[in-house]
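What follows is each chain in one-letter form.
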Number of protein chains: 2
Amino acid sequence: VQARPTIGVDVGGTKCLGVAADAEGRVLAEHRLATPDDGAGLIESIAAVVHELGRAVGDVAGVGVGVPGLVDGTGALRFTPNLPGIRELSVGALLGERFGDVPLHVDNDATCAGWAEATLGAAAGKRHVLLATLGTGIGGGLVADGRLLRGANGFAGEIGHIVVDPSGPPCPCGQRGCWERFASGSALARFADEVIGEDQTSRMLELAGGRRADLRGEHVTRAAAEGDPIALGLMDRFGWWLALGLANLANILDPECIVIGGGLIESGGVILEPTRRAFHELVEGAEHRPDIPIVAAALGERAGAIGAALLARPTGASPM
Amino acid sequence: VQARPTIGVDVGGTKCLGVAADAEGRVLAEHRLATPDDGAGLIESIAAVVHELGRAVGDVAGVGVGVPGLVDGTGALRFTPNLPGIRELSVGALLGERFGDVPLHVDNDATCAGWAEATLGAAAGKRHVLLATLGTGIGGGLVADGRLLRGANGFAGEIGHIVVDPSGPPCPCGQRGCWERFASGSALARFADEVIGEDQTSRMLELAGGRRADLRGEHVTRAAAEGDPIALGLMDRFGWWLALGLANLANILDPECIVIGGGLIESGGVILEPTRRAFHELVEGAEHRPDIPIVAAALGERAGAIGAALLARPTGASPM
């Protein structure tokens, strides 16, 4: 007898990406919708993704949902800096009404991605894993001694909001100089916007369709991968900031492996090379400790959805 | 039958503090020596403290030693920024030769202190605990889900070396702007030295015996406790930086309780009040999460030595 599939939905700053997956995390179907900017719309969109996937695969054994920010044990999204206007949203209760008796698991999005990468992705078999997803912000999924590190309320892993420069730019969370202001996809877009200035010949600008307002981090990594010297210079700066936060986290957590996820990592090499160089300079006692590999997520942008599907399995992927 | 006592020695930047303790962590004897500045001298001093305590209490069941920095599973001190000139010191092997068949456990000093505070100190009964010890540097002891968070190599908890201002002062670890440059005992002494300048009437200077070179953090906290307005102003600045790093760590780890240890905390209130105020402004989503109490270590400066003694018990205090 084949175990029934589960559905996982990953809510990002721009899209809700859902998959139906089997017990080994193999993707059977995928569906995505834009992320709405209000709570009621978000619940509708998640439900629509789930229903579409349910239609594709039939009977499911559970539904998992990953949302960014502080998610408590009841499945409530308490605070989420990168979905402005959404807070104190009872995701678990509101979705639960719609799914009848199908078990529902609501979790932090990067926690889901970290679990997927640590069990069947780039860090499969490793017991101490740090996952950082670079998107609108930076999410963190932490695995310590083979188990998810959740903290007292399930709020652990908010790594994007470690302050690394108190005089840095303001962050939607209310602080200044959070790490994600320097090392997320939106940070890279900001760096690019600054250096492009009035330069109409920029390759990065061309990739963004000529509109500075449409610049995204991916345009920079793509231009860098093509060899654009200005984009390559930005990657050095970006890699240094990325490495700074990773070194902070490595000093605290001592992982055996660091996995970088999120849309930006599709152009892996241009990000990872400068990051690895800078990390070696920044982590405490680099010459006196084993090297910590920094690798790209193996499950790509689907990591969060796959992890949500794994954590939704009734038999449990022993999440705690 | 009474279980035999164990001995614990905590190696700090200035002193080696040892205790003999019973199975409940009650202190039966105490001895201290200055911390020498070379590896051979350090081994001699630890051994001397252990022998003195052994003479006091007789047969012991084990010896635990806490040293600052990166301590691996073999008991080697790989790297320790605040004991200049000491690195790659095989503490376990060198001490083991001297103690015959008495079991020896070598660990990070703040890990020991964190274990003591989480099992029988200020966080007794709590399952998610962050301990920060403020001394020459800042040490970290992390307890997650009731177990010590050690990481892949036992190097977890190097919280003093999270960079919080990349343009900040140089740190002995090789970076700039590490948290311990702003929130340790030596940081507070530096702040005081800056504001005192040529002011010969400073109460802080008076407490330091009139010699700026002898200024320590404790002189500032003592002057602040007396009501000295300049010292009180420094405590606001110091508390803000202390809270900044604690908020970073709370965002990552989601502890239910934060314990502040180290010699500086003897004047608890003058540190804790400004720190609590700033922490509430700095932690992510303060209005949307349970309050995280910030409290003084209950075991005072002995926490590390008591923790080392507990971790040295053969039956084990389930350290992992």
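Here the structure is shown first, and the text comes after it.
Since the model is a prediction, treat every value here as computed from it, not as a measurement. The residue numbers shown here count from 1 along each chain, following its written sequence. For naming, the first written chain is A and the first written ligand is 1, with later ones following in the order written. Totals for whole chains, interfaces and linings use every residue, but because this is a predicted model, local features are given only for residues with pLDDT of at least 70 and side-chain atom pairs only at 80 or more, for both listing and counting. The basis for every side-chain value is the complete set of non-hydrogen atoms in the structure, without hydrogens or water.

1. Quick notes on the environment of Asp165(A)
Structurally, the position occupied by Asp165(A) is in the loop between β11 (147–148) and α4 (180–183). Remark: the alpha-carbon pair of Asp165(A) and Phe182(A), spanning 17 residues in sequence, is separated by 9.5 Å. Once residues lying within four places of it in the same chain are set aside, the contact partners of Asp165(A) are Arg176(A), Gly177(A), Phe182(A), Trp241(A), Val164(B), Asp165(B) and Pro166(B). Runs of E in the DSSP output that reach at least two residues are strands. Runs of H or I that reach at least four are helices, and both are numbered from the N terminus. Here, residues are in contact when the closest pair of their heavy atoms is within 4.5 Å.

2. Here's the deal with the side chain of Ser184(A)
Within the element layout of this structure, Ser184(A) appears in the loop between α4 and α5 (185–196). For the purposes of these results, a polar contact is taken to be a pair of N or O atoms within 3.5 Å, where, inside protein, one atom must be able to donate a hydrogen and its partner to accept one; residues adjacent in sequence count only when each atom of the pair is a side-chain atom. Within polar-contact distance, the side chain of Ser184(A) engages the backbone nitrogen of Ala187(A) at 3.1 Å.

3. Here we look at the relation of the copies chain A and chain B
Alignment of copies: least-squares fit on C-alpha atoms of residues with pLDDT of at least 70 in both copies. Take chain A, turn it by 180°, move it 0.0 Å along the axis, and it overlays chain B with an RMSD of 0.0 Å. Interpreted geometrically, this transformation is the action of a two-fold axis.

4. Points about the interface of chain A and chain B
Interface size is commonly expressed as the accessible area that is lost once the parts come together. On the chain B side, the residues contacting the 47 residues of chain A number 47 residues. Summed over both partners, the accessible area (1.4 Å probe) lost when two parts come together is defined as the buried area. Together chain A and chain B conceal approximately 3,900 Å² of surface at their shared face, both sides included; 56% is due to carbon and sulfur atoms. When residues of chain A are sorted by the area they lose upon contact with chain B, Ile252(A), Glu284(A) and His288(A) head the list and together hold 20% of the total. Within this document, salt bridges are pairs made up of a side-chain nitrogen of Lys or Arg and a carboxyl oxygen of Asp or Glu, the two lying within 4 Å of each other. Put simply, chain A and chain B have two salt bridges between them. Asp145(B) is paired through a salt bridge with Arg147(A); the nearest N and O atoms lie 3.3 Å apart. For the pair chain A and chain B, the number of links is 26 residue pairs in polar contact (both at pLDDT 80 or more).

5. Some points on the sheet that holds strand β7 (residues 87–89) of chain B
All names here are of chain B. When DSSP finds at least two bridges between two strands, those strands are taken to pair. Here three strands make up an open sheet; going across it, the order is β5-β6-β7 and the pairing antiparallel. For this open sheet the edge positions go to β5 (70–71) and β7, each flanked by a neighbour on one side alone. Pairing of β5 with strand β6 (residues 77–79), which is carried by two bridges, proceeds in the antiparallel orientation. Within β6, the residue paired with valine 71 across the bridge is leucine 77.

6. Let's talk about helix α8 (residues 229–253) of chain A
A turn of α-helix holds 3.6 residues, and therefore any two residues three or four places apart point the same way. Residues and elements named next belong to chain A. Helix length check: α8 (25 residues) gives 35 Å between terminal C-alpha atoms against 36 Å at 1.5 Å per residue, within 8%. Remark: exposure states derive from per-residue accessible area (1.4 Å probe, protein chains only) relative to the maximum for the residue type, with buried under 20%, exposed over 50%, and partly exposed in between. For α8, a buried count of 18 out of 25 residues is recorded, marking the element as mostly surrounded by other parts of the structure. Just downstream of α8 lies aspartate 254, where phi reads positive at about 50°. Between the first and last residue of a helix there are one fewer steps than residues, each counted as 1.5 Å, and that sum is the expected span.

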